[in-house]
Structure formats: structure tokens, C-alpha cells
Amino acid sequence: MFMCQHFHEPLPPTIIGLVRVWGCCSLAYTNSTFSPCSFTHTFLKLPCTIMAADSLSTAITKLRSLGQGTVHYDPDYAAGIGLITLNNPERQNAFSGKMMVEFYEIVVKLEQQNPKDTVAIIVTGSPGKAFCAGLDLSFAQEHLRAPGMAAHVNHLMHDALSRFARLPYITVASMAGPALGGGTELITAFDYVCIASTAFVRFVQTRMGITSPWGGARRLVNSIGRKKALWILGSAPKVDAAMAKELGLADVIVNSTTTARGADTYDACLKASTAFLRGFTFDDRTNERVTPGAVRGMKKLVIRADLDQDEAYEASVLAELAGLSKI
């Protein structure tokens, strides 16, 4: 079993890498024997460039064809509900460059489309795997040594998750497996989280000598409050389902038993997520659809109050840590 000197317990046996990409710490799953420490050291030497907004098109062009996996959007998953699936099961649903671009483009499409009767979006990983294991280490090994590529990854994902958090839809993470590294940044962008009792969340960024690269720290403070957020981000506890709900990081716990794992747990989480959203889609008194535009309007009022961005400042804080990694 792989051990890391910065943890007091063994990591799951399929995790053999910790990737740092210009301040992006991600637990990534792979079958490779690549050395995570030497890989991380390479990225400590990358320039911390604050990228202009118009560089998004460059990032998209460079990342579009890199790595494996897909991100799929089903606009008609249920009445008033769309479903986004992170599908990279060989890498525990970790993001490759290709998947980052696909996720970003789905978010932009959701911003621009005529929503009609859509009021909610559920996001899930593929069955039987992690919800999202952060950055795909295989993709990172092969492609992120090139100058500027790591900065492109962070810029694109910061923008994608900021946009996702501001969508005029109720968003729910159907979390049948753990969220790790960059996957924790993703979790903070949801309105609600439906988590399996066997799943967990772990922000390991400070243990790698870095801070939050994709806007997760800001969103977590807005979601659960300053003190709780600082404890989770700064002390890196393994947050199980019960603790996540107590802290306000999760909203629904789906019980998982020894006979209800994998696809069964996946289906149960999706079912619970859909049930949770019923109050946003149907009037329990009349059983008629709630006016979709009214629900979306309420979401717009809420996000206007608390979701500002400050990517340049967050990047400058990361830059101060260059060369100070403990890996």
C-alpha cells in the first residue's frame, strides 16, 4: 500500500500519485509507477503567470485533445432536471485536459441556452468509482511539463467552476464516491451535496504546501462559514459523510451497506438527488410543476449576493509559495 509522509494513514491502494500543478494539488488515480515527488518538483519550477481573460481560448485549444475520458450532458434526465456525468472510470473520474474543456463548454452552453423548463442540474461520476479524484495523473505526466500548460489548466478550471457556481439552476452533486484534491474544489461549486455514507471529502492542499487553485476556498467560506472552512482547508481532516453533513458541506446522506456498493450506491445517490430536487420542480400540494423561471430567478438573486471572483489575488497568494513545497 502506498504511503505518503504527509498523511498519518495509508492512502487507498489505487492512489499512487499526488500532483501539484502550479498550486493545484490533486489526488490522482493511475496504474503507473511514476514518482509523484519528482513530478511535483518539476511543477515547483513553473512560472506563476496570471493569465488574461482572453487566454481562455488558448487554454481550450491546447487542452481540448489531451487525455482520456468524457463529460456528458443529458438535458432530459428527469422533469426539469439535467444530468452531467464525469466519465473517466479508469482514472476514478479525474479530469483530463479533454474533460476540462468538455465540462467548460457544457457550462457555457447552460449559460447561453434557452432553459425552457430546466430548473436543476445533477452532476455525478461514473458508477462504482470516486465522484472525482481531481487531476488525471496520466494526463498530467504526459502533457503538463510543457511551459504554461499548468497555468492554462488552473485558469480554465477556475473560470469553469466560477461560471458553474453562478448558473441560474439548482445544482446537486450526486456523490457516490470520494472527492479528492481538485475534486474538492468542484464540490464547493454546488448548491447541495448528496453523499453516500461510505464516501468522504478531503482537502489536502495545505499538506502539499499550497493553497486553493480553482476558487474552492472562497466558495467554501460562502457555503459553510469562515471558521469551519478554515478548519477544513487548513487542517485537512478526512471529512466523512456524517461530518460533512454536520459542517454543512453535505445535505443528504445515502446509506451504503456491504450489499449496496458500486452501481447500487450510485443509483441510490442519483435517486436521492432527484428526490431532494422535487420541491424545486413540483408543488407538493397540487403536484403541478413549479414555474421554472421563478426558481431560476430565486437562484439568480442568491448568487448575486455572495459569489464574487478574485482570481488574480488568489493566484498571487499561490505564487508566494513557489519553492516552499514540503514534498
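Structure: see above.
Residues numbered from 1 in each chain as written. Predicted model: local features only at pLDDT ≥ 70, side-chain atom pairs only at ≥ 80, totals over all residues. Heavy atoms only, no water.

### A short note on the sheet that holds strand E7 (residues 179-180)
Here is step 1 of the chain: Strands sit in the order E7-E9-E10 across an open sheet of 3 strands; the sheet is mixed. Edge positions in the sheet fall to E7 and strand E10 (239-240), since each of these pairs with one other strand and no more.
Here is step 2 of the chain: Pairing of strand E9 (residues 200-202) with E10, which is carried by 2 bridges, proceeds in the antiparallel orientation. The partner of Phe-200 across the bridge, within E10, is Asp-240. (Pairing = 2+ DSSP bridges. Helix = DSSP H or I, 4+ residues; strand = E, 2+ residues; numbered from the N terminus.)

### Observations concerning helix H5 (residues 149-165)
Here is step 1 of the chain: Its 17 residues give H5 an end-to-end C-alpha distance of 24 Å, which sits within 8% of 24 Å, the value for a rise of 1.5 Å per residue.
Here is step 2 of the chain: Most of H5 sits out of view: 16 of its 17 residues are buried. (Expected span 1.5 Å × (residues − 1). Buried < 20%, exposed > 50% of the residue type's maximum accessible area, 1.4 Å probe, protein only.)

### Structural notes on the pattern of salt bridges
Here is step 1 of the chain: Evaluation of the coordinates by the stated rule reveals 8 salt bridges.
Here is step 2 of the chain: In this structure, Asp-284 and Arg-278 form a salt bridge, with 3.5 Å as the shortest nitrogen-oxygen distance.
Here is step 3 of the chain: For Arg-278, a relative accessible area of 32% translates into the label partly exposed.
Here is step 4 of the chain: Connected through salt bridges with shared partners, the residues Glu-111, Asp-159 and Arg-163 form a single ionic network. (Salt bridge = Lys/Arg side-chain N within 4 Å of Asp/Glu carboxyl O.)

### With respect to the packing of aromatic side chains
Here is step 1 of the chain: Throughout the structure, instances matching the rule amount to 6 aromatic pairs.
Here is step 2 of the chain: Geometrically, the ring pair formed by Phe-95 and Phe-103 is edge-to-face, given 5.9 Å between the ring centres and 70 degrees between the ring planes.
Here is step 3 of the chain: Residue classification places Phe-95 among the buried residues on the basis of a relative accessible area of 0%.
Here is step 4 of the chain: The buried category is assigned to Phe-103, whose relative accessible area is 0%.
Here is step 5 of the chain: With 6.2 Å between their ring centres and 70 degrees between their planes, Phe-131 and Phe-190 make a pair best called edge-to-face. With a gap of 59 residues between them, Phe-131 in the loop between strand E5 (120-125) and helix H4 (137-143) and Phe-190 in the loop between helix H6 (182-187) and strand E8 (192-196) connect regions that are remote in the sequence. Take Phe-131 and Phe-190: they sit in the same class, and that class is buried.
Here is step 6 of the chain: Connected via pairs of aromatic rings, a cluster forms that spans Phe-95, Phe-103, Phe-131, Phe-164 and Phe-190.
Here is step 7 of the chain: If you follow Lys-238 out to its NZ or CZ, it ends over the ring of Phe-200, 4.4 Å from the centre. (Phe/Tyr/Trp six-rings, centres within 6.5 Å; stacked < 30°, edge-to-face > 60°. Lys NZ or Arg CZ within 6 Å of the ring centre and 35° of its normal.)

### Some details on unusual backbone geometry
Here is step 1 of the chain: Of note, the phi angle at Asn-93 is positive, near 60 degrees, even though the residue is not glycine.
Here is step 2 of the chain: Considering the arrangement of structural elements, one finds Asn-93 in the loop between strand E4 (81-87) and helix H3 (97-112).
Here is step 3 of the chain: Backbone geometry places Ala-236, a non-glycine residue, at a positive phi of 55 degrees.
Here is step 4 of the chain: Position of Ala-236 relative to the elements: it lies in the loop between helix H8 (226-235) and E10.
Here is step 5 of the chain: Look at Ala-236 and you get buried, because its relative accessible area is 4%.

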